[in-house]
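Residue-level structure breakdown
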Amino acid sequence: MNKVVIITGASSGIGLSTALYLSEKGYKVYGISRRDFHNDKFTHISCDVLDSEKIKKIIEEIYLKEKNIFAIINNAGIGISGAIEYAKREDVEKIFEINVVSVINLCSIAIPYLRESKGKIVNISSVAGEIAIPFQACYSATKSAIENFSMALASELKPQRIKVCCVRPGDTKTSFTKNREKTEVVNDIYGQRILKSVQKMERDEQRGADPIKVSNVIYKCLKKKNPPLVCTVGIGYKLLCLLSKMLPKKFVNYIVYKLY
Ligand SMILES: NC(=O)c1ccc[n+]([C@@H]2O[C@H](COP(=O)([O-])OP(=O)(O)OC[C@H]3O[C@@H](n4cnc5c(N)ncnc54)[C@H](OP(=O)(O)O)[C@@H]3O)[C@@H](O)[C@H]2O)c1
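Residues numbered from 1 in each chain as written. Predicted model: local features only at pLDDT ≥ 70, side-chain atom pairs only at ≥ 80, totals over all residues. Heavy atoms only, no water.

Examining the environment of Phe-37
- Position of Phe-37 among the secondary structure elements: in the loop between β2 (28–33) and β3 (43–46).
- Relative accessible area serves as the criterion here: at 18%, Phe-37 is assigned to the buried category.
- Spatially, the C-alpha atom of Phe-37 lies 29 Å from that of Ser-150, the residues being 113 residues apart in sequence.
- In contact with Phe-37, other than residues within four places in its own chain, are Ala-10, Ser-11, Leu-16, Phe-42, His-44 and Ser-46. (Helix = DSSP H or I, 4+ residues; strand = E, 2+ residues; numbered from the N terminus. Buried < 20%, exposed > 50% of the residue type's maximum accessible area, 1.4 Å probe, protein only. Contact = heavy atoms within 4.5 Å.)

Quick look at the pairing of strand β7 (residues 163–168)
- With five of its six residues buried, β7 lies for the most part within the structure.
- As judged from the five bridges shared by strand β6 (residues 120–124) and β7, these two strands associate in the parallel manner. Bridged to Asn-123 within β7 is Cys-166.
- Bridge count between β7 and strand β9 (residues 230–232): three bridges; the pairing is parallel. Residue pairing in the sheet places Val-167 in a bridge with Cys-231 of β9. (Pairing = 2+ DSSP bridges.)

Some thoughts on the site of the ligand
- Close contacts around the ligand come from 31 residues, with Ser-12, Arg-34, Arg-35, Tyr-139 and Thr-174 the closest.
- Within the side chain of Arg-35, a nitrogen or oxygen atom sits 2.7 Å from an oxygen atom of the ligand.
- Here an oxygen atom of the ligand sits 2.6 Å away from a polar atom, N or O, in the side chain of Tyr-139.
- In the complex, 96% of the free accessible area of the ligand, which totals 890 Å², lies under the protein chains.
- Taken together, the elements giving at least two residues each to the shell around the ligand come down to α1 (13–24), α5 (137–157) and α6 (176–179).
- Here the residues of the shell around the ligand are counted per class, giving 11 nonpolar, 14 polar and six charged. (Near = heavy atom within 4 Å. Polar contact = N/O pair within 3.5 Å; in protein donor to acceptor, adjacent residues only side chain to side chain. Areas by Shrake-Rupley, 256 points an atom, 1.4 Å probe, with all protein chains shown as cover. Nonpolar A, V, L, I, M, F, W, Y, C, P; charged D, E, K, R; others polar.)

Side note on the packing of aromatic side chains
- Within the structure shown, the criterion is met by nine aromatic pairs.
- Between Tyr-27 and Phe-70, the aromatic rings sit 6.2 Å apart at their centres with planes inclined by 20°, giving stacked as the arrangement. You can see Tyr-27 sitting in the loop between α1 and β2 and its partner Phe-70 sitting in the loop between α2 (52–66) and β4 (71–74), a full 43 residues away along the chain.
- For Tyr-27, a relative accessible area of 9% corresponds to the buried category.
- Here Phe-37 and Phe-42 contribute two aromatic rings whose centre-to-centre distance is 6.0 Å and whose plane-to-plane angle is 25°, an arrangement assigned as stacked. Of the two residues, Phe-37 and Phe-42, neither departs from the other in class, the shared state being buried. (Phe/Tyr/Trp six-rings, centres within 6.5 Å; stacked < 30°, edge-to-face > 60°.)

Thoughts on the layout of surface pockets
- Within this model, the second largest pocket holds a volume of roughly 440 Å³.
- Around the second largest pocket, the lining is made up of 21 residues, and of these Gly-129, Glu-130, Glu-147, Arg-168 and Lys-245 lie nearest the centre.
- Secondary structure elements with two or more residues in the lining of the second largest pocket: α4 (127–130), α5, β9, α9 (235–246) and α10 (249–259).
- By residue class, the composition of the lining of the second largest pocket is eight nonpolar, seven polar and six charged. (1 Å grid on protein atoms, 1.4 Å probe; cavity = no way out; pocket = protein on both sides within 12 Å on 5 of 7 lines; lining within 4 Å. Points joined across faces, edges and corners; volume = space filled by probe spheres on them.)

A closer look at the packing of α2 against helix α3 (residues 89–117)
- Viewed as axis vectors pointing N to C, α2 and α3 meet at an angle of 15°, and their least axial separation amounts to 9 Å. The angle between α2 and α3 falls in the class roughly parallel. Judged by the twist between their axes, the crossing of α2 over α3 is right-handed. The residues of α3 that touch α2, namely those facing Ser-52, Ile-55, Lys-56, Ile-59, Glu-60 and Tyr-63, are Asn-105, Leu-106, Ile-109, Tyr-113 and Glu-116.
- In terms of residue class, the contact of α2 with α3 is built from six nonpolar, two polar and three charged. (Axes fitted to C-alpha atoms, helices over the stretch in contact; angles between N-to-C directions. Parallel < 35°, antiparallel > 145°, perpendicular 65-115°, else oblique. Left-handed = near helix turned anticlockwise from the far one by under 90°.)

Rendered as structure tokens:
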């Protein structure tokens, strides 16, 4: 019986790459994202992760059909850039709903099935969750929240032998850059800083790693009996995150301020 893996955000970027990679490795993959998407390697179901009733039904139906759910990968996510001063409340709510609330929701739906399979939860965070990026403050906050949530959940689920792992990619070349929503600039107080920062993050992402690197790390987390709680993708980012933990916060923030 093939192990069943459910991944959100499977129509593009890291999610699509991972769905294809895991299918090749012999997993039975179900992908969930909003748009219509067809391929012959995995089953794609169109659904918004915010539609919790539909998500619940999808998970129940997959279990009824397959008789096992081995892992869920919470990958769907969005980015919003701009100054917090100009942020609209509905945009702030949207990014927290998609990047955090829907992750918590899918975990809570899937836990009974994962208890049976002694399965795994992989949540996709970001280096921006460890190193807070200006003009991406909400995004950084959501990813930081995911890491804290995952650590607490790992402790809750330890006796039930469900493993929780956060995979933390750095800049990765995907459609995330073009899909990022930009908050309207209302006046000139920030000068060119917003534009320059956003241009830098966009440039870094488009020069970033191939999503397959993230897929490979996710695969290793699924394979390992005891995966790490947080797994940063790439040696450079691993070093960066380590330094950020070791150095004084004020110094790290000053470097980030200078870079962005
Ligand atoms: N790219 C990077 O540099 C980078 C770095 C660190 C972390 N990450 C994280 O990696 C994850 C994947 O991002 P990516 O780079 O692969 O971006 P992407 O190419 O834009 O893919 C995002 C995926 O999420 C889906 N999605 C977005 N909102 C959704 C919703 N409400 N319901 C269901 N699906 C939804 C999209 O599909 P639909 O539009 O069809 O719904 C798409 O499949 C995100 O969590 C992101 O924060 C990315």
